[in-house]
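Structure assessment
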Amino acid sequence: MNKQFIITVLVSLFSVNAAAVTVHLDVSETPELAEWGKQAKELVEQWYQRTVNLMPTEGFLAPSEIKLKIKKADGGVAWTVGPNITVASSWAEKHPEDIGCVYHEMVHVIQSYKGYTSAKAPGWLVEGIADYMRWAIYEGKPQKWFPPVNKPQGYKTGYQVTGGFLLWLESGQCPGIVKKLNTAIRKGTYEDELFEKEAGKPLDALWVDYLKARKTPPKDNKKKV
Ligand SMILES: [Zn+2]
């Protein structure tokens, strides 16, 4: 190895490891969950920049500081306001394996959408994108893992149901659509028609196609001759 090569390797290693985000962990109310909090903090540190990179918008800069608080609370799971993530202690205690809920909240920080549950940032899609990122990208779940909801406009269910629909679109019908939806919501230009523009069919019709694709093949009841 020559010197120049070694320097190049060192420089690239340094840039990969450079912290893209500073996470301020607060377990002051829940010292018994300090270890869980530390793991959650590491998850954000490891996944933040690569997730930001998967959700780019020209001119957009994701927050560089996140507050992660494990709050003494008896109900709820986790919630995010701006760059502040809060996890309820009761959830972390009862579901210590569900560290990925922090990934979902981290996606909300990255989304940085203004407004929520408005027509320009419909709640089902905001949560569907966060769950697509968590379950399909971070957890690596296959299509069959995602629960379909067999009803018209079932995509409005949000979370894992919408996440599965987005995975199906990304996997064949319309690769790259999540990036486009994300950018449109960020810019406040989202409309349901964006699905038709990108995927060639209205949203409701795409959902029908999705359900067809997810249906188990009908059983052959005819006697074999
Ligand atoms: Zn959420």
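Above this text is the structure in question.
Residues numbered from 1 in each chain as written. Predicted model: local features only at pLDDT ≥ 70, side-chain atom pairs only at ≥ 80, totals over all residues.

Successive residues of a regular strand alternate their side chains across the two faces of the sheet. Pairing between strand β1 (residues 22-26) and strand β2 (residues 65-71): five bridges, direction parallel. For Leu 25, the partnering residue across the bridge sits in β2 and is Leu 68. Traced from β1 through helix α2 (residues 34-54) to β2, the parallel crossover comes out left-handed. (Pairing = 2+ DSSP bridges. Helix = DSSP H or I, 4+ residues; strand = E, 2+ residues; numbered from the N terminus. Right-handed = clockwise from strand over helix to strand, strands pointing away.)

A separate point is the nonpolar core. Membership of the largest hydrophobic core comes to 48 residues, with the highest contact counts inside it found for Val 44, Ile 85, Val 102, Met 106, Ile 129 and Tyr 132. Of all the secondary structure elements, the ones that give two or more residues to this core are α2, β2, β4 (84-88), α4 (101-111), α5 (123-138), α6 (159-173), α7 (177-187) and α9 (203-214). In terms of residues, this core owes the most to one element, α5, which gives eight residues. Mapped onto the domain boundaries, this core takes at least three residues apiece from domain 1 (19-112) and domain 2 (115-216). Excluding anything up to four places from it in sequence, Ile 129 contacts Gln 111, Leu 166, Val 178, Leu 181 and Asn 182. (Core = buried A, V, L, I, M, F, W, Y, C linked by C-beta atoms within 7 Å. Buried ≥ 20, exposed ≤ 12 C-beta atoms within 10 Å, placed from the backbone. Domains from an automatic or database assignment. Contact = placed C-beta atoms within 7 Å.)

Following the sequence through the fold, Trp 145 ends up in the loop between α5 and α6. Under the C-beta neighbour-count criterion, Trp 145 is labelled partly exposed, with 14 such atoms within 10 Å. Separated by 15 residues in sequence, Trp 145 and Gln 160 place their C-alpha atoms 9.2 Å apart.

Let's shift gears to α6. It helps to recall that an α-helix has 3.6 residues per turn; residues three or four apart then point in one direction. With 15 residues, α6 extends 20 Å between its outermost C-alpha atoms, agreeing within 8% with the 21 Å of an ideal straight helix rising 1.5 Å per residue. In the core, the buried residues of α6 are packed alongside α5, α7, α8 (193-199) and α9. (Expected span 1.5 Å × (residues − 1).)

In this structure, β2 lies alongside β4, joined through five bridges in parallel fashion. Directly across from Leu 68, in β4, lies its bridge partner Ile 85. Here strand β3 (residues 78-81) pairs with β4 via four bridges, running antiparallel. The partner of Ala 78 across the bridge, within β4, is Val 87. Joining the antiparallel neighbours β3 and β4 is a turn of two residues, in which Gly 82 adopts a positive phi near 55°.

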